[in-house]
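# A look at the structure
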Amino acid sequence: MATSFSCYGAVSTLRTPIPLSRLSTFRSPSVSTIPNRFYKFRVKCSRAEAGVVDDSRSAPIDVVADVKSERVVVLGGSGFVGSAICKAAVSKGIEHGSNKFQSLDCNAGDVFYVNWDEVLTGATAVVSTIGGVGSEEQMLRINGEANVVAVNAAKEYGVPKFILISVHDYNLPSFLLSSAYFTGKRKAESEVLSKYPNSGVVLRPAFIYGKRKVGDFEIPLDLIGEPAERILRAIENFTKPLSSIPASDLLLAPPVSVDDLALAVLNAVVDDDFFGIFTIEQIKEAAAKVKV
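Residues numbered from 1 in each chain as written. Predicted model: local features only at pLDDT ≥ 70, side-chain atom pairs only at ≥ 80, totals over all residues. Heavy atoms only, no water.

Naming follows an unreviewed UniProt entry, where the protein chain appears as NAD(P)-bd dom domain-containing protein of Citrus sinensis.

## A look at the pattern of salt bridges
Counted only if it meets this: Think of a salt bridge as a Lys or Arg side-chain nitrogen and an Asp or Glu carboxyl oxygen that are within 4 Å of each other. Secondary structure elements are taken from DSSP: a helix is a run of H or I of four residues or more, a strand is a run of E of two residues or more, and numbering for both begins at the N terminus.
For the coordinates displayed, the defined rule picks out 13 salt bridges. Arg 186 serves as the salt-bridge partner of Asp 169, at 3.7 Å between the closest nitrogen and oxygen. In this pair, Asp 169 sits in the loop between strand S8 (162-165) and helix H5 (174-177) while Arg 186 sits in helix H6 (residues 180-195), placing the two residues 17 residues apart along the sequence. Here Lys 284 makes a salt bridge to Glu 229, at a shortest N to O gap of 2.9 Å. Of the two residues, Lys 284 is situated in helix H11 (residues 280-291) and Glu 229 in helix H7 (residues 222-234); the sequence distance between them amounts to 55 residues. Through salt bridges with shared partners, one network takes in Glu 229, Arg 233, Asp 260, Glu 281, Lys 284 and Lys 291.

## Focus on the packing of aromatic side chains
Keep this limit in mind: Any two rings among Phe, Tyr and Trp, with Trp reduced to its six-membered ring, count as a pair given centres within 6.5 Å; such a pair is stacked if its planes are under 30 degrees apart, edge-to-face if over 60, and tilted if neither. Here's how the labels work: a residue is buried when its accessible area is under 20% of the maximum for its type, exposed when over 50%, partly exposed in between, all with a 1.4 Å probe on protein chains only.
If you walk through the whole model with that rule in mind, you get four aromatic pairs. Arranged with centres 6.4 Å apart and planes meeting at 75°, the rings of Tyr 170 and Phe 182 form a pair that is edge-to-face. Taken together, the residues Tyr 170 in the loop between S8 and H5 and Phe 182 in helix H6 connect sequence positions 12 residues apart. There is no split in this pair, since Tyr 170 and Phe 182 are both buried. Between Tyr 181 and Phe 182, the aromatic rings sit 5.4 Å apart at their centres with planes inclined by 85°, giving edge-to-face as the arrangement.

## Side note on the side chain of Lys 161
Quick note on the threshold: Under the rule applied, a polar contact is a pair of N or O atoms within 3.5 Å (in protein, one hydrogen donor and one hydrogen acceptor; residues adjacent in sequence only if both atoms are side-chain atoms). We call two residues in contact when some of their heavy atoms are within 4.5 Å.
Summarising the element assignment, Lys 161 is placed in the loop between helix H4 (136-156) and S8. Lys 161 gets classed as buried once you look at its relative accessible area, which sits at 6%. Polar contacts involving the side chain of Lys 161 include one to the main-chain carbonyl oxygen of Ala 268, which spans 2.6 Å. Discounting chain neighbours no more than four positions away, the residues touching Lys 161 are Thr 124, Ala 125, Val 126, Tyr 196, Ser 199, Ala 268, Val 269, Asp 271 and Asp 272.

Here you go:
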């Protein structure tokens, strides 16, 4: 079975400190690894009836079979996490020489105004990387409302699986968790789990590191995130007792590599038994399954 990924850029025209408007203008041509989804099989048939000698030299029959393709739509596909998911999908397909990740299509899109007929028709899964920071109103609209719109559209079009990139469940004081950033994410989570109780996936990473492009600049977040993850994992047996201290997760929650997060998404796409809410450690475990 082949799988193709369609990646859509920013989902909001609101301007925030993270330039989502930059993503909304992104457009690039599709990159295909499989020319089409029709494959020819040569079958050799013979028939032996009573009193008839089987002729093993019977001519083979060419049969053209229509092999159903999966199509995965990535919302926010030109962003930091979305682009990593798309790259991982293509690289895994090339690496294994399979048809699993058939193509990558990146087009501009906006959740609030997009033509869902063009985006979701034929889709078998939707991955949303929608998120951003800004004013309370902006964060509620981007982190919450935009994702809710996407979930409901996917459900309406009969898409069987929805995967949401959310945020770690930090042990922050309630007045900080009431920020629109967190309430928006949790609102989106509730919508996913409500509409997709047996196939919805919510990934909750903490700080995500990797090489992040902002405009013409590349910010090497891995220089901070990678050593921090190694240190925190090495001393986690000593830090676990501190997890009950309010806000301790801001320092003790291990960062997550954007590459591991992308691989966890790919695992969610292909594994029908993978659904529900997944923590930092579970994201790491899911990524390891795809690495093998």
